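# Commentary on secondary and tertiary structure
Each chain, written out:
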Amino acid sequence: METIGIPRSVINEIIDHAKAGYPDEVCGIVAGKEFSSAHLYNMTNTENSRVSYFMDPGEQFQVMKDIRERKEKMLAIYHSHPDSVAFPSAKDVRLAYYPDSLYIIVSLAGDIPVLKAFSINEGEIVEISVKPL
Amino acid sequence: MPVKVRIPTPLQRLTGGKEEVEAKTGTVIEIVNDLDKQYPGIAERISENNKIRRFVNMYVNEEDIRFLQAEATVVKDGDELSIVPAIAGGISQ
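Each chain carries its own residue numbering, running from 1 in the direction its sequence is written. Note on labels: chains are lettered from A, ligands numbered from 1, in written order. Where totals are concerned, whole chains, interfaces and linings use all residues; where local detail is concerned, this predicted model gives features only for residues with pLDDT of at least 70, and gives and counts side-chain atom pairs only at 80 or more. Here the side-chain values reflect all heavy atoms present in the structure, with hydrogen atoms and water set aside.

### Looking at the overall build of chain A
Within chain A one finds 3 helices and 8 strands. Helix and strand assignments follow DSSP, with helices taken as H or I runs no shorter than four residues and strands as E runs no shorter than two, numbered in order from the N terminus. Taken from N to C terminus, the helices and strands of chain A fall in the order β-α-β-β-β-α-β-α-β-β-β. Taken over C-alpha atoms, the radius of gyration comes to 14 Å for chain A, in line with the 14 Å a tight globule of 133 residues would show. Oriented by its inertia axes, the alpha-carbon framework of chain A measures out at about 35 × 35 × 30 Å. Only protein chains enter the accessibility calculation, which uses a 1.4 Å probe; a residue is then buried when its area is under 20% of its type maximum, exposed when over 50%, and partly exposed in between. The buried share of chain A, reckoned over its 133 residues, is 51%. Contact definition: two residues touch when any of their heavy atoms are within 4.5 Å. Long-range pairs, those at least 24 residues apart, make up 64% of the contacts in chain A with a sequence separation of at least 6. Computed by Shrake-Rupley with a 1.4 Å probe, the accessible areas treat only the displayed protein chains as cover when residues are assessed. Of the roughly 6,200 Å² of accessible surface on chain A, 51% is carried by carbon and sulfur atoms. The positive charge centre, built from 13 side chains, and the negative charge centre, built from 19, are 4 Å apart in chain A. Both definitions apply: the radius of gyration is a C-alpha atom measure, and the globule rule equals 2.2 Å times residues to the power 0.38. For the purpose of counting charges, residues Lys and Arg are taken to be positive, whereas Asp and Glu are taken to be negative. His and the chain ends are not included. For the purpose of locating charges, the reference atoms are NZ of Lys, CZ of Arg, CG of Asp and CD of Glu.

Here it is in C-alpha cells:
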C-alpha cells in the first residue's frame, strides 16, 4: 500500500473539526506544496446533515483561488462519517470529481476516531496508508 | 477581447492539459456548447439538456451564476468564467 506522511498536527486538526461538528458531517480541504508541509481549510457543510455534505460553493471558490495564488495544490479533501466506517460511500465515489486529490475520511462511529485516506479515480477506490509525521 | 474560461483539473484532460482556454462572448450555456466544439465531451460533463449540472458550480468573475441569470447569464468581453465541480458526498442518495 502506498504511504503518505501527514503532520500529526494536521491529522489532529481534522479529527478536532470532525468532533466539533458532531453529529453532523464536516468537510474541508488539505492544501500545500506537499503533505509534509500541508495546512487545512475548515469549510462549511451547507447541508447541516449527519449523512451528507455539500461544501459551501462560495467558500470553495475563494479557497481554490487562494491555493492557486499561493502556488499550492489541493492535496486532499476531507469529510467525517459521524456514524459509519472510514470508507467512501457510493455517493462519495459518484461525486469524487477530483482524482488528483486524496479523499480523507474520519469516522467517529467507534470509541476512538479513525482516519483513512483514499484515492478515488473513475469509481476505483485505493486506500493510501497515512503515517503521522 | 475574448472570454477567459478557467478549466478545473479533472476536465483538463479534455482541453489537452490547458488550465485556461478562450471562448467567444455569449450566455453561459452558449459558451459551454461552443467549448464542446473545440473540446468534444466537455459540455456533457458540465451540463445536461442545456442546464448546468447540480454538482457543477460556475462563476462569472466572482459571482456564482445561480445568483445571476444562471445559464442565461451573459459573459462579456474580458470576463472570466470559472467551472468548479462541487465537493460533496454522503451516505444518503
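### A few points about the pattern of salt bridges
Each salt bridge in this description consists of a side-chain nitrogen of Lys or Arg and a carboxyl oxygen of Asp or Glu lying within 4 Å of one another. The full count for this structure, using the stated rule, is 14 salt bridges over all chains. Across the pair A:Arg70 and A:Glu72 runs a salt bridge whose closest N-O atoms are separated by 3.4 Å. Since its relative accessible area comes to 39%, A:Arg70 is described here as partly exposed. On the basis of relative accessibility, which here comes to 17%, the residue A:Glu72 falls in the buried class. In this structure, the salt-bridge partner of B:Arg13 is A:Glu122, at a minimum N-O distance of 4.0 Å. Of this pair, B:Arg13 sits in the loop between strand E1 (3-6) and strand E2 (20-23) while A:Glu122 sits in the loop between strand E7 (114-121) and strand E8 (124-132), which puts the two residues in different chains. Here B:Arg13 and A:Glu122 have matching classes, each one exposed.

### Remarks on the sheet that holds E8(A)
All names here are of chain A. With mixed pairing, 7 strands are arranged side by side in an open sheet as E1-E8-E7-E6-E5-E2-E3. Each edge of the open sheet carries a strand with a single partner, namely strand E1 (3-6) and strand E3 (39-43). Taking the axes of each pair of neighbouring strands and ignoring which way they run, one obtains an average angle of 30° across the sheet. We call two strands paired when DSSP finds no fewer than two bridges between them. Strand direction decides the pairing type here: strand E5 (residues 73-81) and strand E6 (residues 102-107), joined by 6 bridges, are parallel. From the neighbouring strand, alanine 76 faces E6, where its bridge partner is leucine 102. Contacting E1, strand E2 (27-32), E3, E5, E6, E7 and E8, helix H1 (residues 8-21) runs over the sheet at an angle of about 10° to E3. Each of E2, E3 and E5 is contacted by helix H2 (residues 57-69), which is oriented at about 165° to E3, the strand it contacts most. What counts as an axis is a line fitted to C-alpha atoms, over the stretch in contact for a helix, and the angles between N-to-C directions run from 0 to 180 degrees.

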